[in-house]
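Architecture and fold: a report
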Amino acid sequence: MVANDWDSIRKQARHLENDIDLKLIAFNKVGVGAASAATVPAGTSDTSPLLGDHVFETLSIEIEQMLDKLSNINEKMSEIPNSGTAVLHVLQRHREILHGYRQEYLKIQANHTTRMEREELLRGSGLGSAGSPSTSGLSRRDMYLKENTHLHNSSSLVNDQISIAMETKEHLSSQRQHLKRFQTRMHDISNRFPLISSLIQRINIRKRRESLILGAVIAVCTILLLLYAFH
């Protein structure tokens, strides 16, 4: 009896998983279509975007209900007495599938919201000052071209700033080279000063020595003259 209940509930889970998989595929297509329809040119019917949004919301509610139902089925499977590693592995696999479906559902919703906000931003970014024509009627291609132009202008400004920075770097490098040369010359001059000072000191010593020798010679001559005069 337990085995029959297990097989029956597992079949329900697998059938519901297949249905959810198909619903998610349709849900993703409708989300992309609804975002694309939000940028239809002016003058066309606006019932298509509204219809896309309605279908998207309807599928969202249906998928949420199916996910809740699959969660309840998984709980029922876990409550059935069973034994064996294979059964536990199957139950864990069903739980992983449910978790994956929930993540995919949330991802599609988030992508849809992001696309809608992007389209609203693109439509609203073209509104000028009073009296200027609105660009809300531009096609998707025109808006993307306009955005591409803004990006190109921004890239040009960045390139200009980079060029100025490179020129400044080259100028600073040139100044650095000049300062290095000046520092080298000053170092050479400072190294020469001790040599000049030493030479002057030697000259002074030699002058003093010559003066002493000359004084001694004069003194000796004077003494000799005095001795000769007194004798």
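Residues numbered from 1 in each chain as written. Predicted model: local features only at pLDDT ≥ 70, side-chain atom pairs only at ≥ 80, totals over all residues. Heavy atoms only, no water.

Brief notes about the side chain of Glu17
Condition: To qualify as a helix, a DSSP run of H or I must reach at least 4 residues; to qualify as a strand, a run of E must reach at least 2; elements of each kind are numbered from the N terminus. For the exposure calls, accessible area comes from a 1.4 Å probe over protein chains only, and a residue counts as buried if that area is under 20% of its type's maximum, exposed if over 50%, partly exposed in between. Positive residues here are Lys and Arg, negative ones are Asp and Glu, while His and the chain termini are left out of the count. Salt bridge criterion: a side-chain nitrogen from Lys or Arg within 4 Å of a carboxyl oxygen from Asp or Glu.
With respect to the element layout, Glu17 can be found in helix 1 (residues 2–37). The buried charged residue Glu17 lacks any salt bridge partner; its closest oppositely charged side chain belongs to Arg14, at an N-O distance of 6.1 Å.

What to know about the pattern of salt bridges
What the rule picks out here adds up to three salt bridges. Glu96 is the salt-bridge partner of Arg93, the closest N and O atoms lying 3.7 Å from each other. Residue Arg93 and its partner Glu96 are located together in helix 3 (residues 85–124), separated by three residues, close to a single helical turn. For Arg93, a relative accessible area of 48% corresponds to the partly exposed category.

Here we look at the side chain of Asn74
Using the following cut-off: By definition in these notes, contact holds between two residues if any of their heavy atoms fall within 4.5 Å.
The residue Asn74 is located in helix 2 (residues 47–79) in this model. In contact with Asn74, not counting residues within four places along its chain, are Leu91, His94, Arg95 and Leu98.

Description of the packing of aromatic side chains
What counts is decided by this rule: When two rings of Phe, Tyr or Trp (its six-membered ring) have centres within 6.5 Å they constitute a pair, described as stacked for plane angles under 30 degrees, edge-to-face for angles over 60, and tilted for the intermediate range.
This structure, assessed with the given rule, holds two aromatic pairs. A centroid spacing of 4.4 Å and a plane angle of 15 degrees characterise the contact between Phe27 and Phe56, whose relative ring orientation is stacked. Of this pair, Phe27 sits in helix 1 while Phe56 is found in helix 2, placing the two residues 29 residues apart along the sequence. For the pair Phe27 and Phe56, a shared accessibility class is recorded, and that class is buried. When the ring of Phe27 is compared with that of Tyr105, the centres are 5.6 Å apart and the planes differ by 25 degrees; the resulting orientation is stacked. Of this pair, Phe27 sits in helix 1 while Tyr105 sits in helix 3, placing them 78 residues apart in sequence. For Tyr105, a relative accessible area of 4% corresponds to the buried category. An aromatic cluster is defined as three or more aromatic residues linked by ring pairs; in this entry it consists of Phe27, Phe56 and Tyr105.

Concerning the nonpolar core
Definition in use: For this analysis, a nonpolar core means a set of buried residues of the types Ala, Val, Leu, Ile, Met, Phe, Trp, Tyr and Cys, connected via side-chain atoms within 4.5 Å.
The biggest cluster of nonpolar side chains holds 24 residues, and the ones touching the most others in it are Ile20, Leu24, Phe27, Leu67, Leu70 and Tyr101. Residue assignment for this core shows that the elements contributing at least two residues are helix 1, helix 2 and helix 3. Residues in contact with Leu24, not counting those within four places in the same chain, are Ile63, Tyr101, Glu104, Tyr105 and Ile108.

Some points on the environment of Tyr144
Tracing the sequence through the fold places Tyr144 in helix 4 (residues 140–230). As a C-alpha pair, Tyr144 and Leu122 span 22 residues in sequence and 8.1 Å in three-dimensional space. Discounting residues that sit within four places of it in the chain, Tyr144 has contacts with Arg118, Glu119 and Leu122.

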